[in-house]
Amino acid sequence: MGTGTLKQILLLTDGCSNEGGDPSAIAALAREQQVTVNVIGVLEEGAMNESGQTEIENIALAGGGISQIVYKQQLAQTVQMVTKQAMTQTLQGVVNQELSQILGKEQEWDELPPEKRGEVMEVVDEIGEKVDLEVAILVDSSASMRMKLPTVQEALIDLSLSMASRGGSNRFTLLAFPGKKKDVDVLCEWTKGMDQLDGIFQKITPGGITPTGPALKATLNQFEKLKKRSLISRGEETFFEERSS
Amino acid sequence: MEKKHSLKNEAPDLSKGTKLLGKWNKNPYYIRRTLGRGATGAVYLADSREGQVALKVGHNSMSITSEVNVLKHFAKVQGQVLGPSLIDADDITIAGRRYPFYVMEFLKGETVFKHLDRHGKEWGPVLIVQLLGDLDRLHRAGWVFGDLKPDNLIVVSPPYRIRWLDVGGTTLQGRAIKEYTEFFDRGYWGLGDRKAEPSYDLFAAAMILMNMIYKRQFDKGRDGQQTLTTHIDRAPELWPYRKWLKKALTGQFSDAQKMKQSLMNIISKEAKPVKRNPSFHQQQQKPQTLKKRGRKRGKTQKSTFGMLDGVLVIAFLLLASALYWVGQLI
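This write-up is about the structure you can find in this document. The residue count restarts for each chain, going from 1 along the sequence in the order it is written. Lettering for chains starts from A, numbering for ligands starts from 1, and both go in the order in which the items are written. Only residues with pLDDT of 70 or above have their local features reported here, since the model is predicted, and side-chain atom pairs are shown and tallied only from 80 upward, although totals for entire chains, interfaces and linings are computed over all residues. Side-chain numbers here rest on the full set of heavy atoms in the structure, without hydrogens or water.

1. Quick word on unusual backbone geometry
Cis geometry marks the peptide bond from F177 of chain A to P178 of chain A, where omega comes out at 0°. Strands are runs of DSSP state E lasting at least 2 residues, helices are runs of H or I lasting at least 4, and numbering of each runs from the N terminus. Structurally, P178 of chain A can be placed in the loop between strand 5 (170-177) and strand 6 (185-191). Residue P159 of chain B is bonded to the preceding P158 of chain B through a cis peptide linkage, with omega at -10°. Residue position: P159 of chain B is located in the loop between strand 9 (153-156) and strand 10 (161-164). Within the chain, Q34 of chain A stands out as a residue other than glycine whose phi angle is a positive 60°. One can find Q34 of chain A in the loop between helix 1 (23-32) and strand 2 (35-43).

Here it is, written out as structure tokens:
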């Protein structure tokens with residue numbers, strides 16, 4: 001098992017899409033393309049919206065990822081926790097597949113005796129440290145999220161800091177929806193770190209609609225763009241050299 | 001904390017008297033009461049064949065296995081046992097669902113804050129000295145504690161000694177920190193990254209001393225470093241430690257041993273000038289929170305301290321540091 005690249009979409013929303021169909025369908029599509037979709041529901045203190053919550057859970061379920069509802073204050077920590085947990089979960093899935101192949105049946109790793117389990121976990125930890133990571137962050141910037149954007153910005157800078165402390169390489173891209181003319185605007189193209197996000201959300205004019213589904217689709221396409229770009233620019237930018245897609 | 005919401009199932013609620021029989025090792029345990037509930041599972045006090053133990057039942061094999069791994073590695077670190085020692089790791093089935101659990105030594109003691117309330121503030125730096133000694137051993141073995149904070153520590157007795165309660169965040173040096181808590185995380189304050197290296201723990205150790213004085217944790221504000229400096233300079237109790245704190249917070253101590261040494265020097269220097277001033281003996285006693293350090297500089301507070309207590313405390317501190325020295329030499 002080589003250390004390849006893990007692909008994630010991280011959606012930050014308050015969970016009430018109202019245009020463009022069911023976002024879970026796009027999340028399921030992403031999963032088919034080996035992109036996991038994780039969702040963080042950002043709530044205002046005291047606000048708990050049933051349908052929003054269900055939508056958040058369903059997107060992550062369909063996208064093979066993790067969902068977590070938080071209040072604004074705990075956002076920074078949650079963002080990095082979810083990203084890391086999702087990484088481990090994906091790796092765990094890969095390990096499970098390998099195990100079933102070796103053991104010849106539907107044996108999952110946690111059916112091993114605790115002793116062996118520990119050894120497997122060490123390997124997973126090790127890969128998690130070294131694997132390359134591509135995260136497309138999709139931020140809901142509709143009117144109801146407006147007040148939360150400065151906190152989101154801080155959380156992303158924090159995520160970048162956490163991820164930069166790993167051994168493997170990282171690439172991030174940042175998108176916001178609804179866009180000015182399209183479903184989604186790319187605020188920041190693929191980059192190695194997100195320490196330069198100052199004022200990035202200020203360009204946004206919050207709209208009344210929340211097209212979560214179409215926005216997810218556009219975000220998924222970002223991974224294709226990265227693939228193409230890396231093929232073209234191979235050799236020019238050193239950090240793309242190791243890619244072997 | 002607010003209600004956590006995730007897709008995973010929660011750890012099971014086990015009532016008093018429940019019998020658990022491990023699937024693999026077949027060891028029986030009887031639940032006595034709940035000790036606590038964390039992000040990765042619930043901890044119970046239980047009876048085993050060998051006596052009382054702490055038993056943690058989780059819902060996620062991954063995180064439980066990680067914690068077991070850490071405890072196993074701890075057992076290999078030389079010298080005094082650092083964290084609770086691992087006794088057993090197994091699975092149980094409750095209502096058709098399998099849950100992983102592990103059993104560790106039950107550490108009986110009180111929280112750091114409770115200890116300071118009951119035995120005096122002067123314990124603060126002494127506990128940090130103990131902590132730094134343990135950190136030094138851990139670092140030498142190639143690990144970093146990671147999520148270092150009062151919640152993860154406990155003061156056991158006798159004799160009073162700080163121990164590590166929850167070691168789940170322990171990370172191999174060179175990797176990224178697994179778990180952290182903002183107030184104790186240098187990344188949050190803009191004073192470094194989250195790479196697991198000794199200086200990461202040393203930052204947190206210094207923040208624990210801050211937290212002992214500022215029980216209400218404060219935000220970083222606009223400029224994290226500036227906020228910390230302001231808070232250090234504002235508290236008279238921190239005056240003797242301000243240089244030490246600033247050095248630790250900016251990563252200037254190369255290892256835990258040097259930081260411990262430096263702190264012990266301050267504690268012993270602290271004690272001397274007061275000892276030379278016998279006139280304090282005459283002062284009457286008042287119910288007090290001992291502010292030994294405020295006294296030295298703040299000439300105006302003289303009368304608020306019971307001198308006998310003060311001298312005893314100082315004598316103790318000297319004795320404690322002497323003992324540490326001896327321990328160090330051996």
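2. Focus: the packing of helix 2 (residues 112-119) of chain B against helix 3 (residues 123-140) of chain B
Residues and elements named next belong to chain B. Interaxial distance between helix 2 and helix 3 falls to 10 Å at its minimum, and their mutual angle equals 140°. It follows from the interaxial angle that helix 2 and helix 3 lie oblique. For the pair formed by helix 2 and helix 3, the contact residues are V112, H115, L116 and H119 on the first element and W123, G124 and L127 on the second. Here the term charged refers only to Asp, Glu, Lys and Arg, the term nonpolar to Ala, Val, Leu, Ile, Met, Phe, Trp, Tyr, Cys and Pro, and the term polar to all other amino acids, Gly among them. Residues belonging to the contact of helix 2 with helix 3 are distributed by class as follows: 4 nonpolar, 3 polar and no charged. Helix axes are fitted to C-alpha atoms over the stretch in contact, other axes to C-alpha atoms as well, and angles between N-to-C directions run from 0 to 180 degrees. Roughly parallel means an angle under 35 degrees; roughly antiparallel means over 145; roughly perpendicular covers 65 to 115; every other angle is labelled oblique. Any two residues having at least one pair of non-hydrogen atoms within 4.5 Å are treated as being in contact.

3. What about a positive patch on the surface?
Taken together, the side chains of K180, K181, K182 and K203 of chain A present a region of like positive charge at the surface. Assignment of secondary structure puts K203 of chain A in the loop between strand 6 and helix 6 (212-232). Residues enter patches when their relative accessible area tops 30% and they take part in no salt bridge; the joining distance is 9 Å for like charges and 5 Å for the nonpolar side chains Val, Leu, Ile, Met, Phe, Trp and Tyr. Note that accessible areas follow from Shrake-Rupley with a 1.4 Å probe, and for residues the cover is restricted to the protein chains shown. By salt bridge we mean one thing: a side-chain nitrogen of Lys or Arg within 4 Å of a carboxyl oxygen of Asp or Glu. When charges are tallied, Lys and Arg are placed among the positive residues and Asp and Glu among the negative ones, while His and the ends of the chain are skipped. Taken as the charge location is NZ of Lys, CZ of Arg, CG of Asp or CD of Glu.

4. Some details on helix 1 (residues 61-76) of chain B
Residue and element names in this part refer to chain B. If you check helix 1, its first and last C-alpha atoms are 23 Å apart, about what 16 residues at 1.5 Å a residue would give, namely 22 Å. Throughout, exposure labels follow a simple rule: accessible area from a 1.4 Å probe, protein chains only, divided by the maximum for the residue type, with under 20% read as buried, over 50% as exposed, and the rest as partly exposed. When you tally the buried positions in helix 1, you get 13 out of 16 residues, the bulk of the element. At the N-terminal boundary of helix 1, the capping side chain belongs to N60, with an oxygen 2.7 Å from the backbone nitrogen of M62. Under the convention used throughout, the expected extent of a helix is 1.5 Å for every residue step, that is, one less than its residue count. For this analysis, a polar contact is any N or O atom pair within 3.5 Å, provided that within protein one partner can donate a hydrogen and the other can accept it, and provided that sequence-adjacent residues contribute only side-chain to side-chain pairs.

5. Quick word on the interface of chain B and chain A
Note: interface size is frequently given as the accessible area lost on complex formation between the parts. Facing the 33 residues of chain B at the interface are 37 residues of chain A. Buried area adds together the accessible area that both of two parts lose upon being put together, with accessible area traced by a 1.4 Å probe. With both chains or domains summed, chain B and chain A bury close to 3100 Å², and 47% of this area falls on carbon and sulfur atoms. In this assembly, chain B and chain A are joined by 5 salt bridges. Where D91 of chain B meets R117 of chain A, a salt bridge forms, and the shortest distance between an N and an O atom there is 2.6 Å. Taken together, the links from chain B to chain A amount to 11 residue pairs in polar contact (both at pLDDT 80 or more). Breaking the side of chain B that touches chain A down by element, the ones donating at least two residues are helix 1, strand 5 (86-94) and strand 6 (97-105) of chain B. Of the residues assigned to the side of chain B that touches chain A, the class counts are 8 nonpolar, 11 polar and 14 charged.

6. Some points on the pattern of salt bridges
All names here are of chain B. For the structure shown, the criterion picks out 23 salt bridges over all chains. A salt bridge links R163 to E105; its shortest N-O distance comes to 3.5 Å. On the criterion of sequence distance, the pair formed by R163 in strand 10 and E105 in strand 6 is long-range, its members being 58 residues apart. Overall, the relative accessible area of 11% leaves R163 in the buried class. Of the charged contacts in the structure, one is a salt bridge between D233 and K246, with a shortest N-O distance of 3.0 Å.

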